[in-house]
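As a plain string of letters, each chain reads:
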Amino acid sequence: MAKFVYRMQNVLNIKQKLETQAKMAYSIANQKYLEEQQRLQEMIVRRVGYEKALREAVQGKLDIQNVTHARENLNNMKTLVRRQMMEVHKAQKELDAARNALNEVMQERKIHEKLREKAFDEFKQELAVAETKEIDELVSYTYNNK
């Protein structure tokens, strides 16, 4: 029996490897995004703590040095939160780019798999035609020799 050989199998293999690499890149980008979001959440919690400390410093007996220190801490934390928001946004863009690249590579792989399936179907049809022809020849040979 004939064996099916897809002549573009090496291209399909390359597409599968590219998809695996794109999945890894997406996974790394997703992990970075989640880490940046976690850092942002931690900073926001710290900022809330500094806001509370500033409110407590302003109430009751006023200590100017303590109020000034609490205000500086809060302002510094607000700056850090803004920077971290930019890092989260940057990580989100990288994640979107990795997702788009993964989708593109997956589509290319699926196209090549469909081409392989079509080639296999054609191979099966050619094999069926050859088998039918061989059976017809065998039948006509046995009929003519009787």
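Residues numbered from 1 in each chain as written. Predicted model: local features only at pLDDT ≥ 70, side-chain atom pairs only at ≥ 80, totals over all residues. Heavy atoms only, no water.

Undergrad: So what's going on with the pattern of salt bridges? Residues and values would help.
TA: Oppositely charged side chains may form a pair once their charged atoms are brought near each other. This structure, assessed with the given rule, holds 9 salt bridges. With its nearest N and O atoms 2.8 Å apart, the salt bridge here joins Glu108 to Lys15. Separated by 93 residues along the polypeptide, Glu108 in helix H2 (residues 64–145) and Lys15 in helix H1 (residues 9–58) bring together distant segments of the chain. The partly exposed category is assigned to Glu108, whose relative accessible area is 27%. Across the pair Glu36 and Arg39 runs a salt bridge, and its minimum N-O distance is 2.9 Å. Of this pair, Glu36 and Arg39 both sit in helix H1, 3 residues apart, which is roughly one turn of that helix. (Salt bridge = Lys/Arg side-chain N within 4 Å of Asp/Glu carboxyl O. Helix = DSSP H or I, 4+ residues; strand = E, 2+ residues; numbered from the N terminus. Buried < 20%, exposed > 50% of the residue type's maximum accessible area, 1.4 Å probe, protein only.)

Undergrad: Describe a negative patch on the surface, with residues and values.
TA: Together, Glu131, Glu134, Asp136 and Glu137 make up a region of like negative charge exposed at the surface. Structurally, Glu134 can be placed in helix H2. A relative accessible area of 57% places Glu134 in the exposed class. (Patch = residues over 30% accessible without salt bridge, like charges linked within 9 Å, V, L, I, M, F, W, Y side chains within 5 Å. Areas by Shrake-Rupley, 256 points an atom, 1.4 Å probe, with all protein chains shown as cover. Lys, Arg positive; Asp, Glu negative; His and termini not counted. Charge placed at Lys NZ, Arg CZ, Asp CG, Glu CD.)

Undergrad: Just give me the short version of the nonpolar core, but keep the residues and values in it.
TA: Listed in full, the 10 residues of the largest apolar core are Ala29, Tyr33, Leu40, Met43, Met77, Val81, Val88, Ala91, Leu95 and Ala98. Going through the elements one at a time, H1 and H2 are the ones with two or more residues in this core. At 6 residues, H2 tops the list of elements feeding residues into this core. Those residues within four positions of Tyr33 in sequence are excluded, and the remaining contacts are Val88, Ala91, Gln92 and Leu95. In terms of nonpolar packing, the next biggest core, distinct from the first, is built from 5 residues, Leu54, Val67, Ala70 and Leu74 among them. (Core = buried A, V, L, I, M, F, W, Y, C linked by side-chain atoms within 4.5 Å. Contact = heavy atoms within 4.5 Å.)

Any link to function would need more than the numbers given here.
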